[in-house]
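# Chains, contacts and geometry: an overview
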Amino acid sequence: MLPIKPIYLLFNCVCLCFSTFLHAAPNTSPESTMKKFEIVNNSIIQSPNDTRDYQVIRLSNDLEVLLISDPDLQNSAASLSVPIGSMHNPDSQLGLAHYLEHMLFLGSEKYPIINEYSKFMSQNGGYTNAYTAQDATVYGFEVNDSVFGEALDRLGDVMHAPLLDEKYADKERHTVNAENETYVDNDMRKLYALQRYSLNPEHPMARFSTGDLTTLVDKPGSVLQKELELFFKQHYSANTMKVALTSPRSIENMQKIAVKYLTQIPNNNVIKPVIITPLLTDKQLALEVQMKPTAELKLLQVNFLVPSVKDEYMYQPGGYISRLLGSDHKGGLSDYLQKLGLAESVSAGFYGAHSEQYSQFSLTFKLTNKGLSKQDTVIASLFAYINLIKEQGINQLQYSEQKKSLDNYFQFLPKQASFNNVMSLAANMQNYPLQDLLAYSYRLDGFNPTFITQLMGYLTPENSRLFVVSPNAVVNKDIPYYEGKYSQAKIKKSRLQLWLNKAKTIQPELILPVRNEWLPESLVLVEEEKNNKAIQLVKESGLSVWFKQSQLKEPKGIYKLQLNNNLNDQSPAARVKMNLLLNILQKQLAELSFVTQEAGVGFSISSSDGLLISTSGYSDKQSKLLLMLLTHIENMKFDEQSLRLAKQELTRRLNNQSKSKAMDLGLSGFRKVIRQPSWSDQTLLAQIDGVTSDDLSELTKQIFSTSSLRLLALGNFSTLDVLQLTAKLKVKVKIQPNTFYTTKRLHADPQQGALNYVRESELEDDALVSLYLAKNQDIISLAKAELLNKLLKPAFYDQIRTQEQLTYSPFTATVQVDESVGFGLFTQSPAVGSATLYERFQVFLDNFKKTLAETKESDFEEIKKAHIANYLAKPSNLGTEFSYLTDEWMSNKKNIDTKLQHVARLKSVSLKQVQQYYTDLFFDDQETQQIIVQVKGKKFSEEKPLELTPQVSISNVDQLPKQ
């Protein structure tokens with residue numbers, strides 16, 4: 001059997017904190033006179049598709065640094081990980097690790113100005129972020145390479161000499177509290193908390209981890225500030241930290257800046273703490289936890305803790321098993337339960353693979369109403385399938401399917417964005433051998449049935465832990481630090497035996513997956529056609545075909561096929577019918593989706609100015625896939641059970657809108673206001689019951705008989721490939737010579753006054769969307785808005801979040817509304833209501849006028865240069881390469897390849913033009929219309945909503961124009 005190691009880590013929940021870094025003077029200790037660095041590793045296993053240079057060095061302070069040289073980059077990025085997280089909080093100050101993460105961002109000896117770094121980052125084409133997990137804290141930034149040294153100096157200084165200034169302590173306590181308040185009624189956060197609370201109470205993971213105003217406070221024998229300083233001194237040391245850097249610079253140049261700026265981090269020779277307390281005892285096994293959700297959710301999660309397979313990652317036994325458990329093939333677990341009408345979906349995952357002691361299998365069943373009443377049948381089906389795998393599934397065929405998929409993916413491993421790349425690498429440096437940092441997820445060195453069999457042996461009723469999320473849950477306790485109730489009890493042995501007995505009768509109805517026919521057979525590149533711009537290959541009445549090859553040398557491509565029509569926008573009933581059709585279609589195509597994704601090809605189907613079918617991945621079989629999808633849609637059959645379940649799901653989704661996060665409710669409300677036509681959730685709900693199977697059959701006929709057709713082909717295709725596909729599409733679809741339909745969107749009408757939409761939320765917080773839409777736009781309006789945002793965004797964040805403590809996550813953004821550009825201020829707040837938020841927004845805008853007027857021309861030019869560099873950076877994958885072009889195609893622009901024209905407009909914009917744009921947009925109500933969306937939560941329900949003069953008050957989007 002696999003050795004059972006002391007329990008250390010299972011869950012790795014991430015607490016995102018949008019923050020900054022700051023710094024101090026170089027270290028002048030005797031260490032600086034020692035050898036500057038040594039090379040630790042020069043032979044990291046790379047994908048054949050990866051041309052970057054890698055090296056790991058160890059500095060004189062024992063800090064390991066991964067260097068990645070990538071000449072294609074414009075920006076550089078860095079990340080630093082510390083193997084200390086929420087699990088290491090002292091009992092006296094729960095949330096201290098997270099609180100320290102926040103406090104570190106508030107200045108250091110050399111860079112003492114609060115939040116000055118976030119401004120520096122934003123204005124140099126970058127950003128910064130950090131998170132605190134159970135076992136680690138990870139910091140990172142991305143910035144234009146021209147200031148990479150200064151950014152590293154700030155990071156080094158904050159780890160060398162942070163101020164941890166007590167005068168900011170109360171503000172940051174409130175910020176941490178606001179972050180927790182944001183999720184206090186979030187059902188998935190509550191479920192995650194209960195997974196930890198139900199562990200061995202002696203283990204530090206079984207505690208509240210985020211921190212709030214009640215935990216982060218002075219107590220008898222525990223002074224918060226002293227605990228904070230001690231925690232940093234005890235745990236933050238160069239010898240346990242890991243750093244990853246990526247840059248267009250050479251390895252030699254990166255060595256120099258790493259030595260110059262990171263050697264200042266002190267080496268306190270700390271020892272990483274080891275936790276030997278068991279994560280589980282027998283009391284926490286065969287356990288059922290029930291939770292009553294805020295939203296209408298019906299989930300059953302079955303978890304199994306198993307001994308760690310960290311040291312066996314090259315055989316991927318956890319991935320082997322979870323692949324089979326989560327398969328959507330016909331005759332599999334998910335398919336069986338869906339056909340019985342017990343589950344809408346089944347997902348399987350293997351988590352904590354890097355843990356020193358334990359890992360976890362997790363099966364999540366999204367239940368139907370019927371499934372909720374027959375949970376024992378669902379669980380018995382799981383054990384029937386587990387037994388089938390034990391008896392028949394550990395074989396060479398399943399291994400070879402897993403092996404082919406992993407090998408293909410690693411051969412053409414796409415580049416991650418620089419920031420995401422270093423954040424994940426710095427974290428993984430704590431857990432995996434250096435040579436396998438890039439390859440550990442894809443290594444499969446051989447078929448090792450022994451490991452798989454041993455792991456399967458832990459998937460038993462006695463080792464199971466059940467989590468039931470249901471409106472019918474029987475609950476009797478408050479969830480600590482969260483809104484809501486739960487209960488916890490041991491599962492009776494008679495019920496455990498019932499599952500096994502029932503599983504024997506179910507097992508004969510289940511089968512294992514067979515060979516995957518969608519694995520690519522040809523990975524060759526087509527001949528390059530040397531077209532720098534997208535070409536419209538076909539421009540006929542009712543038919544448009546655009547094509548562009550990729551500059552990346554990969555056998556991958558993207559197709560987007562739009563059966564263009566207005567069927568989704570004709571009435572509330574039409575909108576509901578399309579939603580139900582897509583729901584049923586998703587279920588019918590679940591098996592195809594699973595096998596194509598495993599083979600490296602994906603697809604999605606949505607409603608966007610008609611029916612939009614997208615495929616992506618290896619180009620080898622994409623035409624075949626696209627045509628197969630069309631055939632399936634055209635020939636769809638609708639049975640009553642599928643329709644009934646789709647109605648249940650749509651009803652639940654619409655009913656849950658008022659229970660979603662306040663900011664999400666605000667953003668969806670904004671989309672309803674600017675999109676014409678839109679209907680309220682209540683109006684859509686009223687249409688659901690009346691839809692019949694015949695209605696959906698008629699809808700599919702209309703899609704194929706009333707649509708014009710638009711095709712976008714990108715990547716590893718030839719002109720001949722695209723034209724041959726077009727010819728086949730002409731046979732499949734009765735193309736109508738219609739003018740292409742595009743959804744109508746709001747046009748500014750300042751004479752109306754503000755559009756003021758008030759939405760009610762069943763959660764606590766208020767939220768505010770305040771968007772300004774100018775009536776008169778010019779060709780450079782978007783360019784001016786983007787550059788204004790680079791100046792305004794960090795100032796808004798600093799004022800609303802850091803200085804006034806109104807919210808955890810304020811942000812600004814430019815929004816395109818047809819040919820117009822809107823500029824928005826957004827936030828959700830647990831501290832004040834929407835009217836107060838608007839008042840503070842206005843004070844900020846008034847004050848920022850002076851800040852903008854005092855902006856130096858040289859600073860503006862640097863900001864503009866960094867912003868343009870991001871547009872011109874060489875893409876890392878097809879998605880980033882074609883995102884701008886795809887957005888233009890989706891908007892049905894006449895010319896869809898205009899990124900360089902936009903860059904030219906950015907170059908032409910002057911600081912004076914941005915300053916005038918700001919004045920016109922925010923202070924000329926004759927030229928600008930405000931769109932306000934207020935979300936009123938329970939905490940501020942007694943406060944009157946914001947009212948403006950003049951305004952159009954909207955309580956229901958049904959009253960808005962319908963074209």
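These figures come from a predicted structure and were not determined experimentally. (Residues numbered from 1 in each chain as written. Predicted model: local features only at pLDDT ≥ 70, side-chain atom pairs only at ≥ 80, totals over all residues. Heavy atoms only, no water.)

Quick look at the overall build of the protein chain now. If you tally the helices and strands in the protein chain, you get 29 helices and 29 strands. The C-alpha radius of gyration computed for the protein chain amounts to 29 Å, which stays within 12% of the reference 30 Å derived for 963 residues, consistent with globular compactness. With the C-alpha coordinates of the protein chain rotated into their principal frame, the extents come out at 80 × 75 × 65 Å. A burial count over the protein chain gives 61% of its 963 residues as buried. Pairs at least 24 apart in sequence give 85% of the contacts found in the protein chain among residues at least 6 apart. Of the roughly 37,400 Å² of accessible surface on the protein chain, 50% is carried by carbon and sulfur atoms. (Helix = DSSP H or I, 4+ residues; strand = E, 2+ residues; numbered from the N terminus. Rg over C-alpha atoms; globule rule 2.2 N^0.38 Å. Buried < 20%, exposed > 50% of the residue type's maximum accessible area, 1.4 Å probe, protein only. Contact = heavy atoms within 4.5 Å. Areas by Shrake-Rupley, 256 points an atom, 1.4 Å probe, with all protein chains shown as cover.)

Tracing the backbone through its elements, the reader meets Ser-487 in strand E15 (residues 485-490). Taking relative accessible area as the criterion, Ser-487 reaches 10% and is therefore assigned buried. Engagement of the side chain of Ser-487 in a polar contact is seen with the backbone oxygen of Val-474, the distance being 2.6 Å. The residues touching Ser-487, leaving out its near neighbours within four places in the chain, are Glu-288, Val-289, Gln-290, Val-474, Val-475 and Asn-476. (Polar contact = N/O pair within 3.5 Å; in protein donor to acceptor, adjacent residues only side chain to side chain.)

With that settled, the discussion passes to the nonpolar core. Judged by nonpolar contacts, the single largest core of 57 residues is most densely connected at Ile-605, Ile-703 and Leu-711. When residues in this core are grouped by element, the largest group, 7 residues, is from helix H16 (residues 572-588). If we ignore the near neighbours within four places in the chain, the residues touching Leu-711 are Ser-544, Val-545, Trp-546, Tyr-559, Lys-560, Leu-561, Leu-626, Val-722, Leu-725, Thr-726, Leu-729 and Trp-889. (Core = buried A, V, L, I, M, F, W, Y, C linked by side-chain atoms within 4.5 Å.)

Let's shift gears to the sheet that holds strand E25 (residues 766-774). In spatial order, the strands read E26-E27-E25-E28-E24-E29; together these 6 strands make up an open sheet with mixed pairing. Edge positions in the sheet fall to strand E26 (811-817) and strand E29 (951-954), since each of these pairs with one other strand and no more. Geometrically, the sheet is characterised by an average inter-axis angle of 20° between neighbouring strands, direction not taken into account. When E26 meets strand E27 (residues 820-829), the two strands line up antiparallel, connected through 7 bridges. Across the sheet, the residue bridging to Ala-813 is Gly-824, located in E27. (Pairing = 2+ DSSP bridges. Axes fitted to C-alpha atoms, helices over the stretch in contact; angles between N-to-C directions.)

Relative to the helices and strands, Arg-759 is located in strand E24 (residues 754-760). Taking the C-alpha atoms as reference points, Arg-759 and Val-821, 62 residues apart in sequence, are found 24 Å from one another. When neighbours within four sequence positions are excluded, Arg-759 is seen to be in contact with Leu-665, Ser-668, Gly-669, Lys-672, Asp-681, Val-933, Gln-934, Val-935 and Lys-936. A polar side-chain atom of Arg-759 sits 3.3 Å from a polar atom in the side chain of Tyr-757.

To continue, consider the environment of Gln-536. Residue placement: Gln-536 occurs in strand E16 (residues 535-540). Of the residues examined, Gln-536 reaches a relative accessible area of 26% and is grouped as partly exposed. Along the sequence, Gln-536 and Ser-660 sit 124 residues apart, while their C-alpha atoms lie 42 Å from each other. A polar side-chain atom of Gln-536 sits 3.0 Å from a polar atom in the side chain of Ser-544.

For the α-helix, the turn length of 3.6 residues means that residues three or four positions removed from each other point alike. Burial runs high along helix H5 (residues 187-197): 10 of the 11 residues are buried. Those residues of H5 that sit buried are Asp-187, Arg-189, Lys-190, Leu-191, Tyr-192, Ala-193, Leu-194, Gln-195, Arg-196 and Tyr-197. The N-terminus of H5 is capped by Asn-186, whose side-chain oxygen sits 3.1 Å from the backbone nitrogen of Met-188.

Turning our eyes to something else, we now look at the sheet that holds E16. In space, the 6 strands of this open sheet follow the order E16-E17-E22-E18-E20-E19, with mixed pairing throughout. Looking at the sheet topology across the chains shown, the edges are occupied by E16 and strand E19 (601-607). This sheet shows a mean twist of 10° between the axes of neighbouring strands, independent of strand direction. In this structure, strand E18 (residues 556-564) lies alongside strand E22 (residues 708-715), joined through 8 bridges in antiparallel fashion. The residue bridging Lys-560 from the neighbouring strand is Leu-712, located in E22.

Strand E6 (residues 127-132) sits mainly inside the fold: 5 of its 6 residues count as buried. As defined by bridge partners, E6 adjoins strand E7 (residues 137-144) across 6 bridges and the pair is classed as antiparallel. Each bridged residue has a counterpart across the sheet, and for Thr-128 the counterpart in E7 is Phe-141. Taking the residues that link successive antiparallel strands as the turn, the E6-E7 hairpin has 4 residues.

Attention shifts here to helix H4 (residues 169-182). For H4, with 14 residues, the first-to-last C-alpha span of 20 Å sits near the 20 Å given by 1.5 Å per residue. Where burial is concerned, most of H4 is hidden: 10 out of the 14 residues are buried. Within the span of H4, buried status applies to Ala-169, Glu-172, Arg-173, Thr-175, Val-176, Asn-177, Ala-178, Glu-179, Asn-180 and Thr-182. (Expected span 1.5 Å × (residues − 1).)

A separate point is the packing of aromatic side chains. In total, this model carries 28 aromatic pairs according to the counting rule given. For the pair Phe-811 and Phe-826, a centre-to-centre distance of 4.8 Å together with 5° between the ring planes defines the contact as stacked. Highlighted residues: Phe-811 in strand E26 and Phe-826 in strand E27, separated in sequence by 15 residues. Overall, the relative accessible area of 3% leaves Phe-826 in the buried class. On the basis of an interplanar angle of 85° and a centroid distance of 5.7 Å, the ring pair of Phe-823 and Phe-922 is categorised as edge-to-face. Taken together, the residues Phe-823 in strand E27 and Phe-922 in helix H29 (residues 911-923) connect sequence positions 99 residues apart. Overall, the relative accessible area of 8% leaves Phe-922 in the buried class. An aromatic cluster is present here, built from Tyr-772, Phe-796, Phe-823, Phe-841, Phe-844, Phe-848, Tyr-918, Phe-922 and Phe-923 joined pairwise through their rings. (Phe/Tyr/Trp six-rings, centres within 6.5 Å; stacked < 30°, edge-to-face > 60°.)

Our focus in this paragraph is the confidence of the model for the protein chain. Per-residue confidence for the protein chain averages 93 on the pLDDT scale, and 96% of its residues sit at or above 70. Here residues 1-33 is modelled with pLDDT under 50, and outside its nearest four sequence neighbours on either side it reaches 159 contacts, counting other chains as well. (pLDDT = per-residue confidence, 0-100.)

Before going further, it helps to spend a moment on the packing of H16 against helix H21 (residues 681-688). At a minimum axis separation of 9 Å, H16 and H21 run at an interaxial angle of 70°. Considering the angle they form, H16 stands roughly perpendicular to H21. Residues Pro-572, Ala-573, Arg-575 and Val-576 of H16 lie in contact with H21, whose contacting residues are Thr-683, Leu-684, Gln-687 and Ile-688. The class makeup of the residues in the contact of H16 with H21 is 5 nonpolar, 2 polar and 1 charged. (Parallel < 35°, antiparallel > 145°, perpendicular 65-115°, else oblique. Nonpolar A, V, L, I, M, F, W, Y, C, P; charged D, E, K, R; others polar.)

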